[in-house]
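The residues making up each chain are set out below.
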Amino acid sequence: MAALREGPVHDVSVEHRTLRVDGDDVPVVHARPDGPPRAGLVLHPDLGGNRPLFDDMARRLATHGLAVACVEPFARFDRDKLDSVEVRMAKVPELDDATQLGDLEAAANLLVVDDDVSTISVLGFCMGGYYTLKAATSDRFDRAVSFYGMITTPEHWRGPGHKAPLATAADVCPTLAIFGSADPWTPKEDIDALRQAWSARDDCEIVVIDGADHGFVHDPDRPAHRPDDAAQVWARALEWISAI
């Protein structure tokens, strides 16, 4: 996680919590600085869900003075059986927008109650970026950052509970969307369509990194990782969140 630099706050705490949402247990990684946080951030991980990578990411984000809640996206499945990317990918059509966005809003409520923050952003990667673009239409979030989130729903993800982010893109809160030009999950025509949907907005921004593939930012162990580009867009993301 070297691309996400640590901030000036040295004393932070990280704990694993369980939220009760509509009768279901939803695991959450909760990180916060020891002093009063300046804002809240709800984090949606990638397809792999919560794991040590996101424990450390939440901790690093907390060193920037943020209270962070990272939500497990497959909370309503037997996660012991979700032991591969292929299995998780096959379960995505069974996810439901209302449930996923409800979990993100419940995490935001946790930050308000436990950390006394008044402004909250949402940030996600890959599938998490896909849901971030949808969550950005909720009045619950003040700003959003989507890292290579799918703009249209991939064909093999489509299910009755999904709506394409592009369908509601004009209604988002101020949103920063970061893509790689070589990412097959976010083709140029989709990015162009999102740019058109935001053409009347001066509070949304699209960043496209030339030659970058899917997942080039958040996991240094991926072959697609590009340290210099990742550091650049992490800095932009932190600026974006700090603008509230």
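Reading the values: rules and limits
- Residues numbered from 1 in each chain as written.
- Predicted model: local features only at pLDDT ≥ 70, side-chain atom pairs only at ≥ 80, totals over all residues.
- Heavy atoms only, no water.
- Salt bridge = Lys/Arg side-chain N within 4 Å of Asp/Glu carboxyl O.
- Helix = DSSP H or I, 4+ residues; strand = E, 2+ residues; numbered from the N terminus.
- Buried < 20%, exposed > 50% of the residue type's maximum accessible area, 1.4 Å probe, protein only.
- Core = buried A, V, L, I, M, F, W, Y, C linked by side-chain atoms within 4.5 Å.
- Contact = heavy atoms within 4.5 Å.
- Expected span 1.5 Å × (residues − 1).
- Pairing = 2+ DSSP bridges.
- Axes fitted to C-alpha atoms, helices over the stretch in contact; angles between N-to-C directions.
- Right-handed = clockwise from strand over helix to strand, strands pointing away.

Some points on the pattern of salt bridges
Then comes step 1: Per the stated rule, a full pass over the model turns up 21 salt bridges.
Then comes step 2: Between Arg 32 and Asp 115 there is a salt bridge, and its shortest N-O distance comes to 2.7 Å. Of the two residues, Arg 32 sits in strand S2 (residues 24-33) while Asp 115 sits in helix H3 (residues 97-115), which places them 83 residues apart along the sequence.
Then comes step 3: Assessed through its relative accessible area of 19%, Arg 32 is described here as buried.
Then comes step 4: Where Arg 51 meets Asp 46, a salt bridge forms, and the shortest distance between an N and an O atom there is 2.7 Å.
Then comes step 5: For Arg 51, a relative accessible area of 25% gives the class partly exposed.
Then comes step 6: A cluster of three or more residues bridged by salt bridges with shared partners is formed by Glu 6, Asp 56, Arg 59 and Arg 60.

Side note on the nonpolar core
Then comes step 1: Ranked by size, the top nonpolar core spans 82 residues in total, and within it Val 42, Leu 61, Phe 147 and Trp 234 carry the most contacts.
Then comes step 2: When neighbours within four sequence positions are excluded, Trp 234 is seen to be in contact with Ala 3, Leu 4, Met 57, Leu 61, Leu 123, Phe 125, Phe 147 and Val 217.

Some details on H3
Then comes step 1: In a regular helix each residue adds 1.5 Å, so 19 residues correspond to 27 Å; H3 covers 26 Å between its end C-alpha atoms and thus fits that length.
Then comes step 2: Of the positions making up H3, those classed as buried are Asp 97, Gln 100, Leu 101, Asp 103, Leu 104, Ala 106, Ala 107, Ala 108, Leu 110, Leu 111 and Asp 115.
Then comes step 3: Tucked into the core, H3 has its buried residues touching strand S1 (12-21), S2, strand S3 (39-44), strand S4 (66-71), strand S5 (120-125) and helix H4 (127-135).
Then comes step 4: Looking one or two places after H3, you find Asp 116, whose phi comes out positive at around 55°.

Quick look at the sheet that holds strand S7 (residues 175-180)
Then comes step 1: Strand order across the open sheet formed by eight strands is S1-S2-S4-S3-S5-S6-S7-S8, with mixed pairing between neighbours. Edge strands, defined here as strands with exactly one partner in the open sheet, are S1 and strand S8 (205-209). Ignoring which end each strand starts from, the neighbouring axes of this sheet average 20° apart.
Then comes step 2: In this structure, S7 lies alongside S8, joined through five bridges in parallel fashion. From the neighbouring strand, Ala 177 faces S8, where its bridge partner is Ile 206.
Then comes step 3: Running over the sheet, H3 touches S1, S2, S3, S4 and S5 and is turned about 150° from S4.

Points about the pairing of strand S6 (residues 143-147)
Then comes step 1: Burial within S6 is extensive, with five of its five residues counted as buried.
Then comes step 2: Neither face of S6 is left uncovered, since the one carrying Arg 143, Val 145 and Phe 147 and the one carrying Ala 144 and Ser 146 both have all their residues buried.
Then comes step 3: In this structure, S5 lies alongside S6, joined through five bridges in parallel fashion. Looking across to S6, one finds that Gly 124 is bridged to Ser 146.
Then comes step 4: Handedness of the crossover joining S5 and S6 through H4: right-handed.
Then comes step 5: Where S6 lies against S7, four bridges are found, and the strand directions are parallel. Bridge pairing in S7 links Phe 147 to Ile 178.

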